[in-house]
Amino acid sequence: MNVPGPCPSCDQIASTAERCESCPVVEVEHFRATTSTGQLLDRVLEHEFDTKHYHIDPRGVSAEVREGLKVLEHERLRWERETREKANQEREEQRRVREMQRRPR
């Protein structure tokens, strides 16, 4: 991505990607900012970051955030398992295709 150069108004070099209105990222960002579930997700992700980088007293974690962390971990593990299974299926399919291509006609 080419950066157009400094802003003529403030001389800042940083640029921002503008997304179209139909972009799913815009919808997710909107719901994370405006719904209680989205705000909980933000708190859970912030807490997860903090626990990886700082010492956090477990007594300071609300039950809501604790449950959110459990759901987040469960969903990540499920996504990883599904991703592995899909990759395995694709490899198996590619193996079968190669095998069929090697057979004499």
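Computed from a predicted model, the values in this text were never measured in an experiment. (Residues numbered from 1 in each chain as written. Predicted model: local features only at pLDDT ≥ 70, side-chain atom pairs only at ≥ 80, totals over all residues. Heavy atoms only, no water.)

Which residues make up the packing of helix 2 (residues 36-53) against helix 3 (residues 63-102), and what are the values?
Contact pair helix 2 / helix 3: the axes reach a minimum separation of 9 Å and the direction vectors enclose 80°. In this view, helix 2 runs roughly perpendicular relative to helix 3, as classed from their interaxial angle. Facing helix 2, whose interface residues are Leu40, Arg43, Val44, Leu45, His47 and Glu48, helix 3 presents Glu64, Val65, Gly68, Leu69, Leu72 and Arg76. (Axes fitted to C-alpha atoms, helices over the stretch in contact; angles between N-to-C directions. Helix = DSSP H or I, 4+ residues; strand = E, 2+ residues; numbered from the N terminus. Parallel < 35°, antiparallel > 145°, perpendicular 65-115°, else oblique. Contact = heavy atoms within 4.5 Å.)

Residues and numbers for the side chain of Glu48, please.
Among the structural elements, Glu48 can be located in helix 2. The exposure class assigned to Glu48 is buried, which follows from its relative accessible area of 15%. Dropping the residues within four chain positions of it, Glu48 is found in contact with Leu69, Leu72 and Arg76. (Buried < 20%, exposed > 50% of the residue type's maximum accessible area, 1.4 Å probe, protein only.)

I'd love a proper account of helix 3, names of residues and values included.
Each α-helix turn comprises 3.6 residues. Residues three or four places apart therefore point the same way. With 40 residues, helix 3 extends 58 Å from end C-alpha to end C-alpha; this agrees with the ideal 58 Å at 1.5 Å per step. Residues of helix 3 that are buried: Val65, Gly68 and Leu72. The secondary structure elements touched by the buried residues of helix 3 are helix 2. (Expected span 1.5 Å × (residues − 1).)

Can you break down the side chain of His47 residue by residue, with the values?
Within the secondary structure, His47 sits in helix 2. Owing to a relative accessible area of 13%, His47 belongs among the buried residues under this scheme. Those residues in contact with His47, other than ones at most four positions away along the chain, are Ile56, Val61, Val65 and Leu69.

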